[in-house]
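# Coordinates in review
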Amino acid sequence: MYTAATGTEVFGYVVVLLAGVVCVAGLLWAFRFGFQVRSREPAPPRPDEQPRVPPSGPVHEVREMREPQEVPRAADDSERLTPYQVGNVRSRRADDQRRPRWSPGSSGSFGGGGGGRT
């Protein structure tokens, strides 16, 4: 009526049970470790520590046209400048602040399907 489990079947059940216990133990350890790390972190800022609007009012975005400064040239044509000699090439405010627009009669984009310049 009842059949006894063989040794290999019992071994398989024990391995599955142990794997489950190891997984649960790993999850519990990870949760505890995360809780400890979280408790060592600084608390979120209080309302009085939040940033405030400057007395001059809110700062707004500034849009301006920029143009690059000239890249320094080597003294001799046979030389070349290395990056540390060139430095950080910056840009400056352009004299003409009008935004560039598409030329009249152009399609507006490459491959846009328009007639283009005719």
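Bear in mind that the values here come from a model prediction, so they are computed numbers and not experimental data. (Residues numbered from 1 in each chain as written. Predicted model: local features only at pLDDT ≥ 70, side-chain atom pairs only at ≥ 80, totals over all residues. Heavy atoms only, no water.)

## Details of the overall build of the protein chain
Helix and strand counts for the protein chain come out as two helices and two strands. Ordering the α and β elements of the protein chain from the N terminus gives α-β-α-β. Across the protein chain, every contact between residues at least 6 apart in sequence was considered, and the portion connecting residues at least 24 apart equals 47%. A total of about 11,800 Å² of accessible surface is found on the protein chain, and carbon and sulfur atoms cover 59% of it. (Helix = DSSP H or I, 4+ residues; strand = E, 2+ residues; numbered from the N terminus. Contact = heavy atoms within 4.5 Å. Areas by Shrake-Rupley, 256 points an atom, 1.4 Å probe, with all protein chains shown as cover.)

## Concerning the packing of aromatic side chains
A complete count under the given rule lists one aromatic pair for this structure. The interplanar angle of 10° and the centroid separation of 5.4 Å between the aromatic rings of Trp29 and Phe33 together place this pair among those described as stacked. One end of the pair, Trp29, and the other, Phe33, are both in helix H1 (residues 7-40), four residues apart, so they sit about a helical turn from each other. Trp29 sits in the exposed class, given a relative accessible area of 58%. (Phe/Tyr/Trp six-rings, centres within 6.5 Å; stacked < 30°, edge-to-face > 60°. Buried < 20%, exposed > 50% of the residue type's maximum accessible area, 1.4 Å probe, protein only.)

## A few points about the confidence of the model for the protein chain
Residues with a pLDDT of 70 or more make up 81% of the protein chain, whose mean pLDDT is 82. Taking the mean pLDDT of every element in the protein chain, the minimum, 80, falls on helix H2 (residues 83-86) and the maximum, 93, on H1. (pLDDT = per-residue confidence, 0-100.)

## Details of H1
For H1, with 34 residues, the first-to-last C-alpha span of 49 Å sits near the 50 Å given by 1.5 Å per residue. Counting buried positions along H1 yields zero of 34 residues, so the element is predominantly exposed. (Expected span 1.5 Å × (residues − 1).)

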